[in-house]
Amino acid sequence: MTLRPLALITGASAGLGAAFARAYAARGHDLALVARRLERLEALGDELAAAHGVRCQVIACDLGGADACQTVLEALGERAGSVDVLVNNAGFGIAEDFDAVPWERQRGFLMTLIVSACALTHAVVPGMKARRCGAIINVASLAGFAPGVAGHSPYPAAKSLAIKFSEALHAELKDYGIRVTASCPGFTHTEFHLANGTRAQMDALPLFLWQTAEDVVRGTLKANDRNRTIYVPGLHNKLAAWA
């Protein structure tokens, strides 16, 4: 039996992750969906399997844990070495002063956004190199271009790392046919701001600053297809990144 290409997507239970899952399912990819919320993953997996006839494996895993990458790889089993697309999307924000947050939570942030993303990339790249094809998308942020701000201490640093990491991977892997893109959206309609307690402030922003998750994902996939290393969705965000 011929296997379809496999897309491994983290943070897939909502927002950009779910939008990436829908986009790759529409392209005929089997899916491995990773997030903490099993019920949401199962509902999304059932929806996409029914709509597109693809296989959807759901992996309930907290990527803030020290053994998260190993948990994901063990769940993938034989297909761990045949991931064709990796979308490092899982993440969250902490809208508090750095020292006001228990270190365990800050460590979980760093593990999720940096360590687990790098670990999964490290795990899937050898197979991509052997097949001389593949795609890696690191979901960064417009914040990766901005100065650090009070109350979100590690966030701009983590997103800046995602951008620089993507640039380095592109330089290393371009001759193997592997496309690497850092997607750097600005304000996007997801559950992100609800989760970190800043929804009220965000609702006061002008509507023109906002984009849908579907628009961000559509542009990101086009950028990756064209092997663009850095993608900033939206003209207003491009101007902000340039500034």
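Not measured: the values here are computed from a predicted model.

J.: I keep staring at the packing of aromatic side chains and nothing clicks. Help me out?
T.: Ring pairs (aromatic) are described by centroid distance and by the angle formed between their planes. Throughout the structure, instances matching the rule amount to 2 aromatic pairs. Here F92 and F109 contribute two aromatic rings whose centre-to-centre distance is 5.5 Å and whose plane-to-plane angle is 85°, an arrangement assigned as edge-to-face. Of this pair, F92 sits in the loop between β4 (83-88) and α4 (103-131) while F109 sits in helix α4; the two residues are 17 residues apart in sequence, bridging distant segments of the chain. Measuring from ring centre to ring centre gives 6.4 Å for F109 and Y155, while their planes differ by 50°; the resulting arrangement is tilted. One end of the pair, F109, is in helix α4; the other, Y155, is in helix α5 (residues 154-173), with 46 residues separating them in the sequence. Take F109 and Y155: they sit in the same class, and that class is buried. Chaining the aromatic ring pairs together yields one cluster made of F92, F109 and Y155. It is K129 that lies over the ring of Y176; its NZ or CZ is 4.6 Å from the centre.

J.: I keep staring at the packing of α4 against α5 and nothing clicks. Help me out?
T.: Relative placement of two packed helices is described by the angle separating their axes and the distance separating the axes. As a packed pair, α4 and α5 sit with axes 11 Å apart at the nearest point and diverge in direction by 10°. As judged from the angle between their axes, α4 and α5 are roughly parallel. Side by side, α4 and α5 meet where Q106, F109, L110, L113, I114, C118, T121, V125 and K129 of the first sit next to P154, Y155, A158, K159, L161, F165, L169 and L173 of the second. Considered class by class, the residues forming the contact of α4 with α5 number 13 nonpolar, 2 polar and 2 charged.

J.: What exactly am I supposed to notice about the state of the cysteines here?
T.: By definition, a disulfide links the sulfur atoms of two cysteines through a covalent bond. Summed over all chains, the structure comprises 0 disulfides. For C69, which is in no disulfide, the shortest distance to another cysteine sulfur is to C61 and amounts to 8.9 Å.

J.: Where do I start with empty space enclosed by the protein in this structure?
T.: One way to see where empty space is left: roll a probe the size of a water molecule over the atoms. One pass over the full model with this rule turns up 1 cavity of 30 Å³ or more. Roughly 170 Å³ of volume is contained in the largest cavity. Taken together, 19 residues form the lining of the largest cavity, with N88, A90, T112, L113 and A117 sitting closest to its centre. Those elements giving two or more residues to the lining of the largest cavity turn out to be α4, β5 (134-139) and α5. Looking at the lining of the largest cavity residue by residue, the class counts come to 12 nonpolar, 6 polar and 1 charged.

J.: Would you explain the pairing of strand β3 (residues 56-60) in this entry?
T.: A regular strand places its side chains on the two faces of the sheet in alternate fashion. Pairing of strand β2 (residues 30-35) with β3, which is carried by 5 bridges, proceeds in the parallel orientation. Bridge pairing in β3 links L33 to V58. Crossover handedness for the path β2 to helix α2 (residues 38-52) to β3: right-handed.

J.: Before we go on, may I ask you to explain the sheet that holds strand β9 (residues 230-231) in this structure?
T.: Strand pairing in a sheet relies on backbone hydrogen bonds, with the paired strands running either antiparallel or parallel. Taken in spatial order, the 7 strands make up an open sheet running β3-β2-β1-β4-β5-β6-β9, and their pairing is parallel. Two strands lie at the open edges of the sheet, namely β3 and β9, each paired on one side alone. One ladder, built from 4 bridges, connects β4 with β5; its direction is parallel. When the bridges of β5 are listed, N88 appears paired with N138. Packing of helix α1 (residues 15-26) onto the sheet brings it into contact with β1 (6-10), β2, β4 and β5, and relative to β1 it is tilted by some 170°.

Reading the values: the criteria
- Residues numbered from 1 in each chain as written.
- Predicted model: local features only at pLDDT ≥ 70, side-chain atom pairs only at ≥ 80, totals over all residues.
- Heavy atoms only, no water.
- Phe/Tyr/Trp six-rings, centres within 6.5 Å; stacked < 30°, edge-to-face > 60°.
- Helix = DSSP H or I, 4+ residues; strand = E, 2+ residues; numbered from the N terminus.
- Buried < 20%, exposed > 50% of the residue type's maximum accessible area, 1.4 Å probe, protein only.
- Lys NZ or Arg CZ within 6 Å of the ring centre and 35° of its normal.
- Axes fitted to C-alpha atoms, helices over the stretch in contact; angles between N-to-C directions.
- Parallel < 35°, antiparallel > 145°, perpendicular 65-115°, else oblique.
- Contact = heavy atoms within 4.5 Å.
- Nonpolar A, V, L, I, M, F, W, Y, C, P; charged D, E, K, R; others polar.
- Disulfide = S-S within 2.5 Å.
- 1 Å grid on protein atoms, 1.4 Å probe; cavity = no way out; pocket = protein on both sides within 12 Å on 5 of 7 lines; lining within 4 Å.
- Points joined across faces, edges and corners; volume = space filled by probe spheres on them.
- Pairing = 2+ DSSP bridges.
- Right-handed = clockwise from strand over helix to strand, strands pointing away.

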